[in-house]
Amino acid sequence: MITFDKLKIVSAIENITINNVNAFEKKEKNGRVQSLSFHQEYPYLLRIKIDYSEHEFVLEFTGKVLGADYPKLISSDTIKQCFENINNLGICNIDIEAMMNSQVVTCDVTKDIECHDISRLSAYIRGHIRNYQQFNCKARCGNVTIERNVLTRKFKKRMIIYDKGREMSSAENRKFVQEYGLEGMFDNVCRLEMNLNSKHQIRESLGITDNTLSSVLESDANPIASFITEAVSPPSEPVQYNDRKSYFISLVLKDCDYDLAKVEARMRELYRHGTKFSNVMKPYREALDAMSQCEDDTYSSLIDKLQ
């Protein structure tokens, strides 16, 4: 079952009733109300905009809307609960059944897996990007971000991999965790989150023909596993080199801070255009595997957990 941590939905204006207009920010033009907007950050992100000129409303919310059930994330099983919790705020009433025909315009596909050494998994992923010209891979504050290197927004995909337990133990999340009894629920949890920021991305990644909420939630695709297998390569079988070649490889790795993206960039300066760089990079990957004593089950275990 596919799960999400954020949805942004566009729906017909008839599918929402305002109960407390004072909770909304009003924008007027020539004495007429153009739109109503509501925004909150706690206990969960919630944005509602009623656009009278476009005759639609936009709803954006995160999985924290589920409160104590946040670990379940947004899915076909929990979507009704999400809408009910929003309705329980008392500011509006959303027609839950009608919302299933609304359009999903952006979403964060999310998968939580158990992992007792997230830093090791992150290091493996950074060292096994298949092609550093096709994918950018960056590490920052313990998070790993993989992004398809394209200029057109509708084809751009981004995945963030991070320690969910550490994030939920931060000061900004501590109150939420305590209020909903979630202490320890995210220990040893690695989150993989794919940001789909266009309707085309959503249809392509989820293998659906339309962007209705029902189609999105009922998709049987596995976009996170597909993206990982596309961007990250499995470990190679170790190969023995003569001393001179091994020494050269070790010097190149050291000079490039053991960062394969830097190695590939440097090698591209030294090889002719059209060179098959998967072959050029193979000995560097193998050497880095040997240095880090990376076990073969790191990749296979990740793929298994994503199924």
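Conventions adopted
- Residues numbered from 1 in each chain as written.
- Predicted model: local features only at pLDDT ≥ 70, side-chain atom pairs only at ≥ 80, totals over all residues.
- Heavy atoms only, no water.
- Helix = DSSP H or I, 4+ residues; strand = E, 2+ residues; numbered from the N terminus.
- Polar contact = N/O pair within 3.5 Å; in protein donor to acceptor, adjacent residues only side chain to side chain.
- Contact = heavy atoms within 4.5 Å.
- Buried < 20%, exposed > 50% of the residue type's maximum accessible area, 1.4 Å probe, protein only.
- Core = buried A, V, L, I, M, F, W, Y, C linked by side-chain atoms within 4.5 Å.
- Phe/Tyr/Trp six-rings, centres within 6.5 Å; stacked < 30°, edge-to-face > 60°.
- Arc of directions from axis to C-beta.
- Pairing = 2+ DSSP bridges.

J.: What's the story with the side chain of Asp108 in this structure? I'm lost.
T.: Here Asp108 lies in strand 8 (residues 103-114). At 3.0 Å, the side chain of Asp108 forms a polar contact with the side chain of Asn195. Excluding anything up to four places from it in sequence, Asp108 contacts Thr3, Phe4, Asp5, Lys6, Glu193, Met194 and Asn195.

J.: Could you clarify how one ought to interpret unusual backbone geometry in this entry?
T.: Trans is the prevailing form of peptide bonds, just as negative phi is the prevailing case for residues other than glycine. Note that the residue after Tyr42, namely Pro43, is joined by a cis bond; omega there is 5°. A positive phi angle is found at Asn30, which is not glycine, with a value near 55°. Mapped onto the elements, Asn30 comes out in the loop between strand 3 (25-29) and strand 4 (32-40). Judged by relative accessible area, Asn30 falls into the exposed class, the value being 74%.

J.: Is there a simple way to explain the nonpolar core in this structure?
T.: Nonpolar side chains in soluble globular proteins tend to end up buried together. Ile48, Phe61 and Ile146 are the most contacted members of the largest nonpolar core, which totals 78 residues. Ranked by residues supplied to this core, first place goes to helix 11 (residues 277-292) with six residues. Not counting chain neighbours up to four residues away, the residues in contact with Phe61 comprise Asp5, Lys6, Leu7, Ile9, Leu45, Leu46, Ile74, Ile79, Cys82, Phe83 and Ile86.

J.: Mind showing me how you'd approach the packing of aromatic side chains here?
T.: Each aromatic ring pair is specified by the distance between its two centres and by the angle formed by the two planes. Overall, the coordinates contain seven aromatic pairs when judged by the stated rule. Consider the rings of Tyr70 and Phe186, whose centres lie 5.6 Å apart with planes at 50°: the pair is tilted. Of this pair, Tyr70 sits in the loop between strand 6 (56-62) and helix 1 (79-87) while Phe186 is found in the loop between helix 5 (171-179) and strand 12 (189-196), placing the two residues 116 residues apart along the sequence. Of the residues examined, Tyr70 reaches a relative accessible area of 1% and is grouped as buried.

J.: Looking at this model, I keep getting lost on helix 6 (residues 199-206). Mind explaining?
T.: Within an α-helix, residues lying three or four positions from one another point in the same direction, as the helix has 3.6 residues per turn. Of the residues making up helix 6, those classed as buried are Gln201, Ile202, Ser205 and Leu206. When helix 6 is viewed along its axis, its buried side chains cluster within an angular range of 105° and face the same direction. Once helix 6 finishes, Gly207 follows within two positions and takes phi at roughly 65°, a positive value.

J.: Honestly, the pairing of strand 1 (residues 4-12) in this entry has me stumped. Any pointers?
T.: Along any regular strand, the residues point their side chains to alternate faces of the sheet. Two strands pair when backbone bridges link them, and strand 1 and strand 8 are joined in this way by six bridges, in the antiparallel orientation. Opposite Lys6, over in strand 8, you have Asp108 as the bridge partner. Examined bridge by bridge, strand 1 and strand 6 share seven bridges and lie antiparallel to one another. Residue pairing across strands places Lys8 opposite Glu60, the latter belonging to strand 6.

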